[in-house]
Amino acid sequence: SQYSAVDTNPLSVYIMQPIWNKIIEIVPLWIAPNLLTFSGFVIILINYFLIAFYDWDYTASGTSPGLVPTWVWLFSAFTTFCAYALDSIDGKHARRTQSSTPLGELFDHGLDSWATSIFVLSFFSVCSRDNGKTGVSVYTMYIYLSIVLFNFMCSHWEKYNTGVLFLPWGYDISQVVLIAAYLLTGAVGVEVWQKPFLFGYYITDILVILLIGFSLFLSFPQTLYNIHRAYLNKTLKNDSLYEGLLPLVSPLLLFILLTVWVVLSPGNILAKQPRLFLWMVGVAFSNVICKVIICQMSSTQPELFHWFLFPLALVVYAAISGLLGWTEEVVLVLFTGLVTAAHVHYGVCVGRQLSEHLNIYIFSLKKRVQE
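In this text the structure is predicted, and so the values were computed from the model without any measurement. (Residues numbered from 1 in each chain as written. Predicted model: local features only at pLDDT ≥ 70, side-chain atom pairs only at ≥ 80, totals over all residues. Heavy atoms only, no water.)

## Brief notes about the nonpolar core
Rules: In this description, a nonpolar core means a group of buried Ala, Val, Leu, Ile, Met, Phe, Trp, Tyr and Cys residues linked to one another through side-chain atoms lying within 4.5 Å. Only protein chains enter the accessibility calculation, which uses a 1.4 Å probe; a residue whose area is less than 20% of its type maximum is buried, one above 50% is exposed, and one in between is partly exposed. Residue contacts are defined here by distance: any two heavy atoms, one from each residue, within 4.5 Å place the two residues in contact.
The biggest cluster of nonpolar side chains holds 101 residues, and the ones touching the most others in it are Phe123, Phe124, Tyr144, Leu254, Trp261, Phe277 and Leu312. If we ignore the near neighbours within four places in the chain, the residues touching Phe277 are Tyr142, Leu258, Trp261, Val262, Ile269, Leu270 and Leu332.

As structure tokens, then:
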């Protein structure tokens with residue numbers, strides 16, 4: 001199917017697009033678009049692990065001055081901008097080099113589905129976790145991450161039903177806010193997050209309120225409106241309500257299982273290992289949503305239950321019933337490693353299959369020689 005995306009965000013159209021159009025001119029024509037996409041993702045990972053090194057348990061910013069060196073925040077602002085730029089020009093570059101392929105589309109959206117959670121997890125280090133005086137509770141972090149992922153899922157569920165990806169307004173705004181937050185932290189120090197900003201609210205409170213407001217009153221209604229409009233215009237890709245709602249089943253069950261674990265965990269797993277748990281949430285979500293993206297691209301029907309829900313259900317049951325006891329953390333570590341490895345393996349396999357099927361290389365514009 002031909003890829004089509006619509007971007008109506010004024011920030012993107014009037015400010016960012018002209019910047020990307022300038023940047024794209026410096027990219028050599030021999031560079032494969034997927035290389036740009038992948039570099040952006042690697043940059044996000046490097047930044048994430050750098051912050052995690054200084055702030056494993058999200059407490060480093062809770063003291064004043066914070067324990068994370070200033071250069072790390074400035075580096076974060078720089079890497080976030082680079083990743084944002086690379087993600088924004090990869091498609092333009094593909095059209096420029098006439099190398100747009102379904103593999104490139106999947107590569108871009110698949111990595112985005114993972115990067116989305118990594119951006120959020122890096123940002124949590126800025127505001128630190130609740131220490132009684134300032135900071136955000138780990139439960140707020142979990143809800144915040146879930147809302148961001150819910151938004152991402154909505155735009156792809158919408159494309160599954162309408163055939164058009166309406167780029168969410170929140171994307172450009174969130175990237176610019178992230179870069180500004182890192183620059184602010186680098187310039188002023190973490191203290192800026194520890195003082196009330198407006199009417200006794202902290203900046204973090206305001207950001208959470210904005211995010212929830214954006215999601216519930218802008219993104220989600222827009223998704224429903226676009227699907228409804230496609231229904232009226234008879235351009236919906238799926239005939240039945242069942243087929244239309246099918247991609248939502250696995251992500252919702254995933255969220256329910258994870259939330260049950262968070263709420264009923266005897267060892268309070270989220271408070272003990274917030275970074276590991278939230279990383280696992282992001283990877284699991286990415287794997288579930290990649291299946292939806294593939295189904296939407298190939299016009300096939302997703303299976304009702306993603307395979308991953310079964311081992312997760314077992315682990316959650318063992319944890320909340322007290323079967324795991326003190327090993328709950330150990331099991332989380334193993335499970336997170338397993339999920340991450342499975343997701344990477346899945347990505348590599350799909351990439352190789354598609355590159356062979358389409359007779360192209362993933363990271364080079366050279367054509368494969370026909371066997």
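## Side note on the packing of aromatic side chains
The condition that has to hold: What counts as a ring pair is set by centres within 6.5 Å for rings of Phe, Tyr and Trp (its six-membered ring), and what kind of pair is set by the plane angle: stacked under 30 degrees, edge-to-face over 60, tilted for all other angles. Strands are runs of DSSP state E lasting at least 2 residues, helices are runs of H or I lasting at least 4, and numbering of each runs from the N terminus. In our convention, an over-ring charge means Lys NZ or Arg CZ found within 6 Å of a ring centre and within 35 degrees of that ring's normal.
Within this structure, the stated rule accounts for 26 aromatic pairs. Between the aromatic rings of Phe41 and Trp114, the centroid separation amounts to 5.3 Å while the plane-to-plane angle is 50°, which identifies the pairing as tilted. Of the two residues, Phe41 is situated in helix H2 (residues 33-54) and Trp114 in helix H4 (residues 102-127); the sequence distance between them amounts to 73 residues. We note that Phe41, like Trp114, is buried. Ring centres 5.2 Å apart and planes at 75° place the aromatic pair Trp261 and Phe277 in the edge-to-face group. Residue Trp261 is found in helix H8 (residues 241-264), and its partner Phe277 is found in helix H10 (residues 274-298); the two are separated by 16 residues along the sequence. Residues Trp261 and Phe277 agree in their burial class; the two are buried. These aromatic residues form a ring-pair network of at least three members: Phe41, Tyr48, Phe49, Trp114 and Trp279. One cation-aromatic arrangement involves Arg275 over Tyr58; the distance from NZ or CZ to the ring centre is 4.2 Å.

## Some thoughts on the UniProt feature "transmembrane region" (unreviewed entry) in the chain
Cut-off, in case you're wondering: UniProt positions are given in the numbering used here, feature names are shortened, and annotations may be inferred rather than shown by experiment.
Within this structure's numbering, the places UniProt gives as "transmembrane region" (unreviewed entry) are residues 26-54, 66-86, 136-154, 199-220, 241-264, 276-294, 306-324 and 330-348. Each end of residues 136-154 is marked by a C-alpha atom, and these two atoms are 26 Å apart; helix forms 89% of the span and strand 0%. Annotated as 100% helix and 0% strand, the span residues 276-294 places its first and last C-alpha atoms 27 Å apart.

## Description of the packing of helix H5 (residues 138-162) against helix H7 (residues 203-232)
Counted only if it meets this: To define axes, lines are fitted to C-alpha atoms, for helices over the stretch in contact only, and angles between the resulting N-to-C directions are given on a 0 to 180 degree scale. Should an angle fall under 35 degrees it is called roughly parallel, over 145 degrees roughly antiparallel, and 65 to 115 degrees roughly perpendicular, with every other angle called oblique. Handedness of a helix crossing follows the sense of rotation of the near helix relative to the far helix, less than a right angle counterclockwise being left-handed and clockwise being right-handed.
As a packed pair, H5 and H7 sit with axes 10 Å apart at the nearest point and diverge in direction by 15°. Between H5 and H7, the angle is such that the two are roughly parallel. Relative to H7, H5 is oriented so that their crossing is left-handed. Of H7, the residues touching H5 (which contributes Thr140, Tyr144, Ile147, Val148, Phe150, Asn151, Cys154, Trp157, Glu158, Asn161 and Thr162) are Leu207, Val208, Leu211, Ile212, Ser215, Ser219, Phe220, Thr223, Leu224, Asn226, Ile227 and Ala230.

## Details of the side chain of Ser265
Applied cut-off: Pairs of N or O atoms are called polar contacts if they sit within 3.5 Å, as long as, within protein, a hydrogen donor faces a hydrogen acceptor (for residues adjacent in sequence, only side-chain-to-side-chain pairs).
Structurally, Ser265 can be placed in the loop between H8 and helix H9 (269-272). Within the structure, the side chain of Ser265 is placed 2.8 Å from the side chain of Glu328, a separation counted as a polar contact. Each residue touching Ser265, except ones within four places of it in the same chain, is listed here: Val260, Ile320 and Glu328.

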